[in-house]
Amino acid sequence: MSNINNTLMNSVDNALKKYNLSPISSIINDKEECKKYINRLLNMFGHFIYYKKYLPEEYDYRIKHILFSFGLGLVFADFADLTKKIGERYWIDNKIKDNFLYVWLTVCLYHDFGYYVDHKKYSNISNLSNIINSLECNIFMSGALSRYSPELYHKYYADRYKANKKNGDFEIGDHGILGGIVLYDLINRESSCEYCYFDENLCFCIMEHNIWEQKKDYPLSSPYHWIDKSNFVKIDSQKEPLLFLLSLVDTIEPTKKFSQYKDSESSSNKSIFPKTIAKSIKINVTNKSIIIDGNELEKVIKKRDKTLKICDWTTPVKDLSSWVEVNSSVDNNIIKIILN
């Protein structure tokens, strides 16, 4: 057992307080309260796109994941000097008092926006070109650089669309790609607020965050060649600090693994509440390391639902080092993320 004293829930609340934001421990179990909190955050920085009153029931837990991820990113902000690196890389203007907070807030609170787009409008469109043609603003014409080519985005989206349809998944295509291109169009087309600045690079980060390394090699002629087993480029904190932080947070954030219930269900059918999960995890973050103790969480999991396994969370975290420039390990439910 480690000697870490800070629970994840307390660490998130304290990180929010440092930015003069309200703690979320009292509302993180409530979908509607999470949505209100997120909308207040977006409104603080002049955003005009808010999460709607009604969200797809299939994604009740996602809005909690989005909010908790935002707080977790603030906890991780000092790791690898990410606060400084992101704030300097994505400098906006003097109207924004804290570039890091604004950039992280924007990317994190919209990173799963693709789940909440108009399903009737996009659910029967498998071709990304057709979606782009239905929009007024094309992110691929913005001049911004992405780590991936337009050809890869098109191929990846089509394949995810086909797989999701086959599996009966509610997700349309790839939520990162769809969310990024739709968000870029909405903000550039409808924004009339002088204070609402949105960089296409942030939309590309959203599009990039859900594209995974392929497990085999592909010929040069395939768009997958650049993300295949031999050619995938790991995400680096120096070169891509924002994507680096989002990758860490989205992988390590634990509530989406163990809180996939609908708020409409009775409490007897619910999985573990996000607050219970976060209070059962201990964490310590420095400039060089992230240490997480999941032993108490394992006890809670075993007591609450025997179908849940701690390895469903720890294994993807352990595998971080295969695609992110960190040294990640798990030993007796103690997670260690060390900067290379």
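Structure: above.
Keep in mind that what you see is a predicted model, and the values were worked out from it rather than measured.

Undergrad: Please clarify how the pairing of strand β3 (residues 326–331) should be interpreted in this entry.
TA: Within a regular strand, the side chains alternate between the two sheet faces. The sheet contact formed by β3 and strand β4 (residues 334–339) spans six bridges and is antiparallel. Residue pairing for β4: Val326 is matched across the bridge by Leu339.

Undergrad: Please explain helix α2 (residues 31–44) as it appears in this structure.
TA: At 3.6 residues per turn, the α-helix brings residues three or four places apart onto the same side. The end-to-end C-alpha distance of α2 is 20 Å, a good match for the 20 Å that 14 residues give at a rise of 1.5 Å each. Listing the buried residues of α2 in full gives Lys31, Cys34, Lys35, Tyr37, Ile38, Asn39, Leu41 and Leu42. Buried residues along α2 sit against α1 (8–18), α3 (60–75) and α5 (99–110). Capping of α2 at its N-terminal end is provided by Asp30; its side-chain oxygen lies 2.9 Å from the backbone amide nitrogen of Glu32.

Undergrad: In this structure, what is going on with unusual backbone geometry? I would like to understand it.
TA: Working note: non-glycine residues mostly have negative phi, and peptide bonds are mostly trans. At Asp81, a position not held by glycine, the phi torsion is positive, near 55°. Position of Asp81 among the secondary structure elements: in the loop between α3 and α4 (82–89). Of note, the phi angle at Asn333 is positive, near 70°, even though the residue is not glycine. Structurally, Asn333 is set in the loop between β3 and β4. The exposure class assigned to Asn333 is buried, which follows from its relative accessible area of 12%.

Undergrad: Sorry, what's going on with the pairing of strand β1 (residues 282–285) here?
TA: Here β1 runs beside strand β2 (residues 289–293); their pairing, made up of four bridges, is antiparallel. In the strand pairing of β2, Asn284 is matched with Ile291. Two successive antiparallel strands, β1 and β2, enclose a turn made up of three residues.

Undergrad: What am I meant to see in the packing of α1 against α3 here?
TA: Helix-helix packing: each pair is described by the crossing angle between the helix axes and the interaxial distance. Between α1 and α3, whose axes approach to 8 Å, the crossing angle comes to 80°. By the criterion of interaxial angle, the relationship of α1 to α3 is roughly perpendicular. Mapping the contact onto sequence places Leu8, Met9, Ser11, Val12, Ala15 and Leu16 in α1 and Phe68, Phe70, Gly71, Leu72, Leu74 and Val75 in α3. Broken down by class, the residue content of the contact of α1 with α3 amounts to ten nonpolar, two polar and no charged.

Undergrad: Honestly, the nonpolar core in this entry has me stumped. Any pointers?
TA: Nonpolar side chains in soluble globular proteins tend to end up buried together. Ranked by internal contacts, the top residues of the largest apolar core, which has 113 residues, are Ile24, Phe70, Phe76, Trp104, Phe244 and Ile337. Broken down by element, the residue count for this core peaks at ten residues, all from α5. Beyond its immediate chain neighbours, meaning those up to four positions away, Ile24 contacts Met9, Val12, Asp13, Leu16, Tyr37, Leu67 and Phe68.

Undergrad: Looking at this structure, I do not really get the packing of α5 against helix α10 (residues 200–208). What am I missing?
TA: It is the contact of α5 with α10, at a shortest axis distance of 10 Å, that shows an interaxial angle of 40°. Judged on the interaxial angle alone, α10 and α5 are oblique. At the point where α5 passes α10, the crossing takes the right-handed sense. Every residue of α10 that contacts α5 at Val103, Thr106, Val107 and Tyr110 is listed here: Leu202, Cys205 and Ile206. Partitioning the contact of α5 with α10 into residue classes produces six nonpolar, one polar and no charged.

Undergrad: Would you explain the state of the cysteines in this entry?
TA: Each disulfide consists of a covalent bond between the sulfur atoms of two cysteine residues. If you walk through the whole model with that rule in mind, you get zero disulfides. No disulfide involves Cys137; its sulfur sits 10 Å from that of Cys203, the nearest cysteine.

Undergrad: What am I meant to see in the sheet that holds β1 here?
TA: Whenever strands of a sheet pair, they do so through backbone hydrogen bonds, lying parallel or antiparallel. Read across the sheet, four strands follow the order β1-β2-β4-β3 without closing on themselves; strand pairing throughout is antiparallel. The strands lining the two open edges of the sheet, one partner per strand, are β1 and β3. Within the sheet, the average angular offset between the axes of one strand and its neighbour, ignoring direction, is 10°.

So, how was this worked out
Residues numbered from 1 in each chain as written. Predicted model: local features only at pLDDT ≥ 70, side-chain atom pairs only at ≥ 80, totals over all residues. Heavy atoms only, no water. Pairing = 2+ DSSP bridges. Helix = DSSP H or I, 4+ residues; strand = E, 2+ residues; numbered from the N terminus. Expected span 1.5 Å × (residues − 1). Buried < 20%, exposed > 50% of the residue type's maximum accessible area, 1.4 Å probe, protein only. Contact = heavy atoms within 4.5 Å. Polar contact = N/O pair within 3.5 Å; in protein donor to acceptor, adjacent residues only side chain to side chain. Axes fitted to C-alpha atoms, helices over the stretch in contact; angles between N-to-C directions. Parallel < 35°, antiparallel > 145°, perpendicular 65-115°, else oblique. Nonpolar A, V, L, I, M, F, W, Y, C, P; charged D, E, K, R; others polar. Core = buried A, V, L, I, M, F, W, Y, C linked by side-chain atoms within 4.5 Å. Left-handed = near helix turned anticlockwise from the far one by under 90°. Disulfide = S-S within 2.5 Å.

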